[in-house]
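Here are the chains, one letter per residue:
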Protein chains: 2
Amino acid sequence: MNPIEWKVTAQEGNARTGILRTRRSEIETPVFMPVGTQGTVKGVRFEWLEAEMDARVILGNTYHLFLRPGVEIIRAVGGLHKFSAWNRSLLTDSGGFQVFSLAGLRKITEEGVHFQSHLDGSARFLGPETAMAAQAVLGSDIAMLFDECPPAGCGREYAQKSLALTQRWAVRARAWIDAHQPRCDNGQRQLHFGIVQGSVFQDLREQAAHELVPLEFDGYAIGGVSVGESEADMLNVISWTTPLLPPHKPRYAMGVGTPPQLLEMIARGVDMFDCVLPTRVARNGAAFTTQGLINLRNKRFERDEVPIDPVGGTCSACAGFSRAYLRHLIKAGEILGLRLLTLHNLHFYLRLMRQAREHLHAGSFRAFKDTFIATYNIPRPS
Amino acid sequence: MNPIEWKVTAQEGNARTGILRTRRSEIETPVFMPVGTQGTVKGVRFEWLEAEMDARVILGNTYHLFLRPGVEIIRAVGGLHKFSAWNRSLLTDSGGFQVFSLAGLRKITEEGVHFQSHLDGSARFLGPETAMAAQAVLGSDIAMLFDECPPAGCGREYAQKSLALTQRWAVRARAWIDAHQPRCDNGQRQLHFGIVQGSVFQDLREQAAHELVPLEFDGYAIGGVSVGESEADMLNVISWTTPLLPPHKPRYAMGVGTPPQLLEMIARGVDMFDCVLPTRVARNGAAFTTQGLINLRNKRFERDEVPIDPVGGTCSACAGFSRAYLRHLIKAGEILGLRLLTLHNLHFYLRLMRQAREHLHAGSFRAFKDTFIATYNIPRPS
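Residues numbered from 1 in each chain as written. Chains lettered and ligands numbered in written order. Predicted model: local features only at pLDDT ≥ 70, side-chain atom pairs only at ≥ 80, totals over all residues. Heavy atoms only, no water.

Asker: Would you mind going over the overall build of chain A with me for this structure?
Answerer: Of regular secondary structure, chain A possesses 14 helices and 16 strands. Compactness check: chain A gives a C-alpha radius of gyration of 20 Å against a globular reference of 21 Å for 382 residues, within 12% of the reference. Referenced to the eigenvectors of the C-alpha coordinate spread, the extents of chain A come out at roughly 60 × 50 × 45 Å. The burial tally for chain A puts 60% of its 382 residues in the buried class. Relative to all contacts within chain A whose residues are 6 or more apart in sequence, the contacts with residues 24 or more apart total 68%. (Helix = DSSP H or I, 4+ residues; strand = E, 2+ residues; numbered from the N terminus. Rg over C-alpha atoms; globule rule 2.2 N^0.38 Å. Buried < 20%, exposed > 50% of the residue type's maximum accessible area, 1.4 Å probe, protein only. Contact = heavy atoms within 4.5 Å.)

Here's what the structure looks like:
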């Protein structure tokens, strides 16, 4: 079998930095993947993602693209890369997380999930095989397995039953991949990541990891985090799980988190992240700074001539514009406001990952993390 | 008096091309000015306006900026250029057009217009002097006089009375300018344009021009067009008025129009234009092409792999993306869709002006205009 092209280049405690090579680009880890739900990253053109942030990989949502424009149209126009003109690496989720969020509109069976489209109510189906097939058509470079993501506080019995289903689906996904995607093709194949579930129960997380590792996926994600549990629970899940995953394969914490959470997870051996936070808070007028989150709607910024982040800001929004102007744009409902904030926030996340990599190479990650978190205030209303 | 730096470099019939120099940039005419209502051009970053379209001048709306963020904040942060980080020429309107649109919320007096803010209902006032003073604080390079713009079909009596008021206000504006803005300062001063009103009545338009010309403004606008009158009436107003305006000063048709209308007005001696059409129709999913306006929401574009304007499209939206992708973005409500369409439409307008200039230099403008209009279909629903 052609092993995944992944090399750890420096390590400090459990934290590590490395290089993951997909068929489309080289990705330095730890990496943050901007979320491009519907074939575009909300609020920022791919040109800026490449030129200003040097983003190497973004995430696409199978559920959304499966419904609109639909897999057949993406197939007809030659795949999601060609459709959206993104030429670097693309990771797609399986759609599982979204269909399970459709409470009342979906029915889970052994076969997969029957659900109603939130767009037109039409009856649709996704299962372990169809999710892999859809991602093959999308042409992502990293495809995620179809799993059930149980909600926080689901209870042990539900978590156990749910995990068992996720594990059976993983076996079916492995079979589908082996039948449809030959593994030995000189780095040109799609990579496939398994997902460790098990809610907040240590023994279930351990069981999940032990069963998934022999199935030899190319990387492993930790799912079911940041779904409503406490931060302590979340970090515990990460601490339990990473040591059980193969060190020579990348680890991906799905859907997290705040800047301090990302650093805490890197310290626990996580390599990859995605989160809607930087793009979503931008739409509410909020910006990440080295001193914490600020909301530019606040009247105290009305005549503030300094950039968003006067200490750590190095993006073009900080270089060109004052808080007073950004506040004006946001108050006036001008989309330039959300665009500049989105750019700034994504830039903040990607720079944080770059700093983490640099400090890992220098052996100073621990000190960097502690200083950053001490300076950074937990998000506060303003 | 320091004359305006304006030079006609080629002429064909009544049409002409020239170079207008403001204190901030050189503007080649005929020119289209993108509308930047609230300190930003909706849907496009200034960087793209400069780099991709080479826009030399944009328009700002005094009314909107007067209300939000307010003249005092703009003054505190050093003017609209510094606030918005636009470094090229800026033309501001006087706010007159907007306050007269506030039917029921405004009262016209000899002194000026008392009105209620559409944002918070507060009592505000704009008159010929306050409008000039506000524009001086905004720091625009070309400021427009405060006029009354009568609606289409207002009748001769109203038009006559309204015009008389506009003319008295012009005399007061001239006095304010002479008192506050010395005219001899080596090209560093703000320019001031008078506005010819008179509705669709030829003798009123003639009277307006004859009275305004001796007041020696730096340029002359034709206002009160595209306010609901027929296209024939609109072009008649232009035909009557341009011959009465000084040939050595620029002429500006306010708030027009479709691509064919712009070419018809250039043929009648107009040099400058502004219009919300390219940005506004973009927000509805429509795009200008050399074959007319198309609406990308149309199902026939679902799998259409060609660019927006396969014949004449030279913008980065045409270079990078298919109609199928744009349709997907618009249907999915992604702002990238409106951004790419805005970029495309503004690029279309600015390229049309560049083509007009090139054909005027080559002496082939008439042929270009006739061919363009014959090929271009009048906007159609789709």
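From this point, things continue past the structure.
Asker: Got a minute to help me understand the sheet that holds strand 2 (residues 15–21) of chain A in this structure?
Answerer: All names here are of chain A. Taken together, the 3 strands give an open sheet; going across it, the order is 1-2-3, and neighbouring strands pair in antiparallel fashion. Of all the strands in the sheet, just strand 1 (5–12) and strand 3 (26–29) have a single pairing partner and so form its edges. Strand-to-strand, the axes of this sheet are offset by a mean angle of 10°, without reference to chain direction. Pairing of strand 2 with strand 3 involves 4 bridges; the strand directions are antiparallel. Looking at strand 3, one finds that Ile19 is bridged to Glu28. (Pairing = 2+ DSSP bridges. Axes fitted to C-alpha atoms, helices over the stretch in contact; angles between N-to-C directions.)

Asker: Sorry, what's going on with the pattern of salt bridges here?
Answerer: Oppositely charged side chains are able to pair whenever their charged atoms sit close together. Counted by the stated rule, this structure contains 49 salt bridges over all chains. Where Asp178 of chain A meets Arg174 of chain A, a salt bridge forms, and the shortest distance between an N and an O atom there is 3.1 Å. Here the residue Asp178 of chain A and the residue Arg174 of chain A both occupy positions in helix 6 (residues 156–180), the gap between them amounting to 4 residues, near one helical turn. Here Glu5 of chain B makes a salt bridge to Arg21 of chain B, at a shortest N to O gap of 3.3 Å. Of the two residues, Glu5 of chain B is situated in strand 1 (residues 5–12) and Arg21 of chain B in strand 2 (residues 15–21); the sequence distance between them amounts to 16 residues. One network of salt bridges, in which partners are shared, links Glu264, Arg268, Arg366, Lys369 and Asp370 of chain A. (Salt bridge = Lys/Arg side-chain N within 4 Å of Asp/Glu carboxyl O.)

Asker: Explanation requested: the side chain of Gln181 of chain A in the structure shown.
Answerer: Of note, Gln181 of chain A is situated in the loop between helix 6 and strand 11 (191–196). The exposure class assigned to Gln181 of chain A is buried, which follows from its relative accessible area of 13%.

Asker: Can you walk me through the packing of aromatic side chains in this structure?
Answerer: Between two aromatic rings, the relevant description is the distance of the centres plus the angle of the planes. Residue and element names in this part refer to chain A. Scanning the entire structure with this criterion turns up 27 aromatic pairs over all chains. On the basis of an interplanar angle of 35° and a centroid distance of 6.3 Å, the ring pair of Phe100 and Phe146 is categorised as tilted. Taken together, the positions of Phe100 in helix 4 (residues 96–101) and Phe146 in the loop between strand 10 (142–144) and helix 6 put the pair 46 residues apart, joining distant regions of the chain. Across the pair, Phe146 and Phe100 agree in class, each one buried. Relative to Tyr349, the ring of Phe288 lies with its centre 5.2 Å away and its plane at 75°, an arrangement referred to as edge-to-face. (Phe/Tyr/Trp six-rings, centres within 6.5 Å; stacked < 30°, edge-to-face > 60°.)

Asker: Could you clarify how one ought to interpret helix 7 (residues 202–212) of chain A in this entry?
Answerer: The α-helix advances 3.6 residues per turn, and as a result positions three or four apart in sequence lie on the same side. All names here are of chain A. Taken as a whole, helix 7 has its buried residues at Leu204, Arg205, Ala208, Ala209 and Leu212. Looking straight down helix 7, one finds that the buried residues subtend no more than 135° of arc, so they occupy a single side. Next to the buried residues of helix 7 lie helix 6, strand 11, strand 12 (219–222) and helix 8 (231–241). (Arc of directions from axis to C-beta.)

Asker: Teacher, can you tell me more about the sheet that holds strand 1 of chain B here?
Answerer: Working definition: the strands of a sheet are paired by backbone hydrogen bonds and lie parallel or antiparallel to each other. All names here are of chain B. Spatial strand order, 1-2-3: 3 strands in an open sheet with antiparallel pairing. The sheet terminates laterally at strand 1 and strand 3 (26–29), the two strands that pair on one side only. For this sheet the average axis-to-axis angle between neighbouring strands, irrespective of direction, equals 10°. In this structure, strand 1 lies alongside strand 2, joined through 7 bridges in antiparallel fashion. Its bridge partner being in strand 2, Val8 is matched across the sheet by Gly18.

Asker: Can you walk me through the interface of chain A and chain B in this structure?
Answerer: By a widely used convention, the size of an interface equals the accessible area lost when the partners come together. Facing the 40 residues of chain A at the interface are 40 residues of chain B. It is Arg45, His328 and Arg339 of chain A in chain A that bury the most area against chain B; as a group they hold 19% of the surface buried on that side. Put simply, chain A and chain B have 4 salt bridges between them. Of the charged contacts, one joins Lys42 of chain A and Glu334 of chain B as a salt bridge, the two residues approaching to 2.6 Å between their closest N and O atoms. Mapped onto the side of chain A that touches chain B, the elements with two or more residues apiece are helix 1 (46–51), helix 2 (62–76), helix 3 (80–84), helix 11 (316–320), helix 12 (323–331) and helix 13 (335–362) of chain A. Of the residues in the side of chain A that touches chain B, the class split is 20 nonpolar, 8 polar and 12 charged. (Buried area = accessible area lost by both parts, 1.4 Å probe. Nonpolar A, V, L, I, M, F, W, Y, C, P; charged D, E, K, R; others polar.)

Asker: Is there a simple way to explain the relation of the copies chain A and chain B in this structure?
Answerer: Applying a rotation about an axis and a shift along it to one chain copy brings it onto the other copy. Screw-axis analysis of chain A against chain B gives a translation of 0.0 Å along the axis, an RMSD of 0.0 Å, and a rotation angle of 180°. When the rotation and shift are considered jointly, the pair of chain copies conforms to a two-fold rotation axis. In terms of proximity to the rotation axis, the leading residue of chain A is Ile335 of chain A, whose C-alpha is 4.2 Å off the axis. Most of the interface of chain A is mirrored in chain B, where 100% of its interface residues are also at the interface. (Least-squares fit on C-alpha atoms with pLDDT ≥ 70 in both.)

Asker: Help me out: how do you make sense of unusual backbone geometry in this one?
Answerer: Where the residue is not glycine, phi is negative for most of them; where a peptide bond is considered, it is trans in most cases. The amide bond that connects Thr29 of chain A to the next residue, Pro30 of chain A, takes the cis arrangement and shows omega of 0°. For the bond running from Val256 of chain A to Gly257 of chain A, omega is 0°, close enough to zero to count as cis. Checked against the element boundaries, Gly257 of chain A lands in the loop between strand 13 (251–253) and helix 9 (259–267). Positive phi, normally seen in glycine, also occurs at Ala85 of chain B, with a value near 60°. Structurally, Ala85 of chain B can be placed in the loop between helix 3 (80–84) and strand 6 (89–92). When its relative accessible area of 24% is taken as the criterion, Ala85 of chain B is described as partly exposed. For Glu216 of chain B, which is not glycine, the phi torsion reads 50° and is therefore positive. Here Glu216 of chain B lies in the loop between helix 7 (202–212) and strand 12 (219–222). We classify Glu216 of chain B as partly exposed; its relative accessible area is 39%.

Asker: I keep staring at the confidence of the model for chain A and nothing clicks. Help me out?
Answerer: The predicted coordinates should not be examined in detail at positions where pLDDT is low. This prediction gives chain A a mean pLDDT of 94; 97% of its residues lie at or above 70. Among the scores for the predicted complex, ipTM is 0.86 and pTM is 0.90. (pLDDT = per-residue confidence, 0-100.)

Asker: For this particular structure, what's the right way to read the environment of Pro247 of chain B?
Answerer: All names here are of chain B. With respect to the element layout, Pro247 can be found in the loop between helix 8 (231–241) and strand 13 (251–253). The exposed category is assigned to Pro247, whose relative accessible area is 54%. Pro247 sits 22 residues away from Gly269 along the chain, and the two C-alpha atoms are 9.0 Å apart. Not counting chain neighbours up to four residues away, the residues in contact with Pro247 comprise Trp6, Val8 and Arg16.

Asker: Help me understand the packing of helix 12 (residues 323–331) of chain B against helix 13 (residues 335–362) of chain B in this model?
Answerer: Packed helices, taken two at a time, are described by their axes: the angle between them and the distance between them. All names here are of chain B. Where helix 12 contacts helix 13, the axes come no closer than 7 Å and their chain directions differ by 130°. As summarised for this structure, helix 12 and helix 13 are arranged oblique, according to the angle between their axes. Residues Tyr325, Leu326, Leu329 and Ile330 of helix 12 pack against Leu336, Gly337, Leu340 and Leu341 of helix 13. (Parallel < 35°, antiparallel > 145°, perpendicular 65-115°, else oblique.)

Asker: Looking at this model, I keep getting lost on the pairing of strand 3 of chain B. Mind explaining?
Answerer: Taking every second residue as pointing to the same face, the buried face of strand 3 of chain B carries Ile27 and Thr29 of chain B, while none of Glu26 and Glu28 of chain B on the other face is buried. Between the antiparallel neighbours strand 2 of chain B and strand 3 of chain B lie 4 residues.

Asker: Just checking my understanding: could you explain helix 9 of chain A for this structure?
Answerer: Taken across its 9 residues, helix 9 of chain A has 8 buried, putting it largely inside the fold. Gly269 of chain A lies just past helix 9 of chain A and shows a positive phi near 95°.

Asker: Help me understand the state of the cysteines in this model?
Answerer: Here, the word disulfide means a covalent bond between the sulfur atoms of two cysteines. One pass over the full model with this rule turns up 0 disulfides over all chains. With no disulfide partner, Cys154 of chain A has as its closest neighbouring cysteine sulfur the one in Cys149 of chain A, 9.4 Å distant. (Disulfide = S-S within 2.5 Å.)

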